[in-house]
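This is what each chain is made of:
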Amino acid sequence: MSSQILLLPGDGIGPEVVREARRVLEAADAQFSLGLSFSEGRLGGIAIDEEGAAYPDATRALARGADAILLGAVGGSQWDALPAADRPERGLLAIRADLDLFCNHRPALLFPDLAEASSLRAELVAGLDVLIVRELTGGIYFGEPRGITTNADGVREGYNTDRYSETEIRRIGRLAFEAAQKRGGRLCSVDKANVLEVTMLWRETMESLSADYPDVALSHMYVDNAAMQLVREPKQFDVLVTGNLFGDILSDIAAMLTGSIGMLPSASLNADAKGLYEPVHGSAPDIAGTDSANPLATILSAAMLLRYSLNAPEAAEAIEGAVASVLAQGLRTADLIVDGNHAAAVGTRAMGDAVVAALRGH
Ligand code: NAD
């Protein structure tokens, strides 16, 4: 049976890193007979330039028909003057909404050979393996009413609404419990239930769900404490689940623990396990076209794609093992070099070559 993967390289370094991830996927396909076939579409700035919209109809049709999607990154200064509603990043919001990708998985995993690149002392992060599950299509980023108005005293006021239904909380909660079942069996739900009613409901709902998952130990933590604990003792966590706003912030904190933004993959899933997989970083216009971008975040996103959407855990592990092996060999793109000796850096293409070779066992 063939699986259709849609590639959306996007802007800036996107095409460079997606090209390497595709080569790695093709090598995994040859080794594990995954039956992959690829199509390619436009999203973001390039789609605005070529097709007049950040998420054009042709891309929407391809995305709806694909089994999984691998995205590079979108955006760049040439589109910054456009009104907010027409910018490349709107393409990203549009595809997430179109496919109902409500569940964002962001692993923060520190490869042992990169401990020195972390912002924390090596002993605090050695062996770090935390998964943050963030609700992605609800909460304060989408809640109505929202806006900026002028009150009776003639003073302008801005306001947003943090809103979650039990249904929304339950569906993200279930995926988080299931993720914890497949990992260390511990789930920490992060809220601000001492102040915000919406998160009181969040906590109650997580608590009621836990009866269905007796093999998962559920705990709760206020978001301010969670932020502190992530930098104090990050290894205490296995899986964290939280809403859109808190997840946005906590996942960036967790990102820094692992060294470089060039290492971080992510997955955004819907209820059918269809997913959009992408590196956490942006389009890095400052290094686009220079063969210096780190492709590993995109390659690790491709591994997540195989695990979550194509149910090919062995191939996913083989890719992750190949990445660990090239790092153990000492290969570093410039972003991973901490001693300033950038002359020793390998380029995007060479890093892709090394991962493909490691995957093939050479
Ligand atoms: P960025 O992540 O693109 O870059 C931040 C810094 O990290 C830059 O110095 C860049 O060179 C470096 N960097 C990023 N990825 C790297 C990689 N793979 N290898 C080596 N170095 C890497 O963030 P930014 O500069 O704030 O944003 C640039 C553009 O990307 C903007 O238009 C922004 O809107 C967009 N953006 C897109 C996404 C997305 O597509 N998901 C996410 C964030 C930002």
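All values reported here derive from a predicted model rather than from experimental measurement.

With respect to the overall build of the protein
Thought 1: Along the backbone of the protein there are 12 helices and 12 strands.
Thought 2: The C-alpha atoms of the protein give a radius of gyration of 20 Å, which matches the 21 Å a tight globule of 362 residues would have.
Thought 3: With respect to the principal axes defined by its C-alpha atoms, the protein has extents near 65 × 50 × 45 Å.
Thought 4: Looking at the protein as a whole, 51% of its 362 residues are labelled buried.
Thought 5: In the protein, of all internal contacts separated by at least 6 residues, the share reaching a separation of at least 24 is 74%.
Thought 6: In the structure as shown, the protein presents an accessible area of about 15,400 Å², 52% of it carried by carbon and sulfur atoms.
Thought 7: The positive charge centre, built from 30 side chains, and the negative charge centre, built from 49, are 1 Å apart in the protein.

Some points on the site of the ligand
Thought 1: Surrounding the ligand, one finds 20 residues, the nearest of these being Glu89, Gly282, Ala284, Asp286 and Asn294.
Thought 2: Contacts to the ligand include Glu278, whose side-chain N or O atom sits 3.3 Å from a nitrogen atom.
Thought 3: When the residues that make up the shell around the ligand are grouped by side-chain class, the tally is 9 nonpolar, 7 polar and 4 charged.

Let's talk about the sheet that holds strand E4 (residues 103-109)
Thought 1: Across the sheet, which stays open at both edges, the 10 strands sit in the order E2-E1-E3-E12-E11-E4-E5-E10-E8-E9 with mixed pairing between neighbours. Looking at strand neighbours, the two that pair on one side only are strand E2 (36-40) and strand E9 (217-222), the edges of this open sheet. The average angle at which neighbouring strand axes cross in this sheet is 25 degrees, direction not considered.
Thought 2: As judged from the 5 bridges shared by strand E11 (residues 265-269) and strand E12 (residues 275-279), these two strands associate in the antiparallel manner. Each bridged residue has a counterpart across the sheet, and for Ser266 the counterpart in E12 is Glu278.
Thought 3: Sitting on the sheet, helix H3 (residues 57-65) touches strand E1 (3-10), E2 and strand E3 (68-73), and the angle it makes with E1 is about 145 degrees.
Thought 4: Against the sheet, helix H4 (residues 89-98) touches E1, E3 and E12, its axis set at about 150 degrees to E12.

What about empty space enclosed by the protein?
The gaps left among the atoms become clear once a water-sized probe is rolled over them.
Thought 1: Within this structure, the stated rule accounts for 2 cavities of 30 Å³ or more.
Thought 2: Taken as a whole, the largest cavity spans an internal volume of roughly 110 Å³.
Thought 3: Asp162, Tyr164, Gly243, Asn244 and Phe246 are the residues nearest the centre of the largest cavity, which is lined by 13 residues in total.
Thought 4: Looking at the lining of the largest cavity, the elements that each hand over two or more residues are helix H7 (197-209) and helix H9 (244-257).
Thought 5: Taken together, the residues that form the lining of the largest cavity break down as 7 nonpolar, 5 polar and 1 charged.

A short note on the nonpolar core
Thought 1: Met263, Leu306 and Val323 are the most contacted members of the largest nonpolar core, which has 63 residues in total.
Thought 2: At 8 residues, helix H10 (residues 296-308) tops the list of elements feeding residues into this core.
Thought 3: Two domains each donate at least three residues to this core, and these are domain 1 (1-109 + 261-362) and domain 2 (129-257).
Thought 4: Contacts of Leu306, omitting those with residues within four sequence positions, involve Leu25, Ala28, Leu34, Asn311, Ala312, Ala315, Ala316 and Ile319.
Thought 5: Counting residues in each nonpolar core, the second largest holds 20 residues, with Leu110, Ile132, Phe237 and Ala254 among its members.

Considerations on the packing of helix H1 (residues 14-32) against H10
Thought 1: Between H1 and H10, whose axes approach to 8 Å, the crossing angle comes to 45 degrees. By the angle between their directions, the pair H1 and H10 is classed as oblique. In the crossing of H1 with H10, the sense of the turn from one axis to the other is right-handed. Only Thr298, Ile299, Ala302 and Leu306 of H10 make contact with H1, whose side of the interface consists of Val17, Val18, Glu20, Ala21, Val24, Leu25 and Ala28.
Thought 2: For the contact of H1 with H10, the per-class residue count stands at 9 nonpolar, 1 polar and 1 charged.

Remarks on the pattern of salt bridges
Thought 1: Going through the model one piece at a time under the given rule, you end up with 23 salt bridges.
Thought 2: A salt bridge links Glu123 to Arg121; its shortest N-O distance comes to 2.9 Å. Note on accessibility: Glu123 and Arg121 belong to one class, exposed.
Thought 3: Measuring nitrogen to oxygen at the nearest pair gives 3.2 Å for the salt bridge that ties Asp129 to Arg183. Here Asp129, found in strand E5 (residues 129-135), pairs with Arg183, found in the loop between helix H6 (166-182) and strand E8 (186-191); they are 54 residues apart in sequence, far enough to count as distant.
Thought 4: With relative accessibility at 34%, the residue Asp129 sits in the partly exposed group.

A word on the domain arrangement of the protein
Thought 1: Domain annotation of the protein identifies domain 1 (1-109 + 261-362) and domain 2 (129-257).
Thought 2: The interface of domain 1 with domain 2 comprises 13 residues on the first partner and 17 residues on the second.
Thought 3: A buried area of about 1,600 Å², summed over both sides, lies between domain 1 and domain 2, and 61% of it is on carbon and sulfur atoms.
Thought 4: In this assembly, domain 1 and domain 2 are joined by 2 salt bridges.
Thought 5: Taken together, the connections running from domain 1 to domain 2 amount to 7 residue pairs in polar contact (both at pLDDT 80 or more).
Thought 6: Here the element with the most residues in the side of domain 1 that touches domain 2 is E4; it accounts for 7 residues.
Thought 7: Within the side of domain 1 that touches domain 2, the residues separate by chemical class into 7 nonpolar, 3 polar and 3 charged.

Scoring rules and cut-offs
Residues numbered from 1 in each chain as written. Predicted model: local features only at pLDDT ≥ 70, side-chain atom pairs only at ≥ 80, totals over all residues. Heavy atoms only, no water. Helix = DSSP H or I, 4+ residues; strand = E, 2+ residues; numbered from the N terminus. Rg over C-alpha atoms; globule rule 2.2 N^0.38 Å. Buried < 20%, exposed > 50% of the residue type's maximum accessible area, 1.4 Å probe, protein only. Contact = heavy atoms within 4.5 Å. Areas by Shrake-Rupley, 256 points an atom, 1.4 Å probe, with all protein chains shown as cover. Lys, Arg positive; Asp, Glu negative; His and termini not counted. Charge placed at Lys NZ, Arg CZ, Asp CG, Glu CD. Near = heavy atom within 4 Å. Polar contact = N/O pair within 3.5 Å; in protein donor to acceptor, adjacent residues only side chain to side chain. Nonpolar A, V, L, I, M, F, W, Y, C, P; charged D, E, K, R; others polar. Pairing = 2+ DSSP bridges. Axes fitted to C-alpha atoms, helices over the stretch in contact; angles between N-to-C directions. 1 Å grid on protein atoms, 1.4 Å probe; cavity = no way out; pocket = protein on both sides within 12 Å on 5 of 7 lines; lining within 4 Å. Points joined across faces, edges and corners; volume = space filled by probe spheres on them. Core = buried A, V, L, I, M, F, W, Y, C linked by side-chain atoms within 4.5 Å. Domains from an automatic or database assignment. Parallel < 35°, antiparallel > 145°, perpendicular 65-115°, else oblique. Left-handed = near helix turned anticlockwise from the far one by under 90°. Salt bridge = Lys/Arg side-chain N within 4 Å of Asp/Glu carboxyl O. Buried area = accessible area lost by both parts, 1.4 Å probe.

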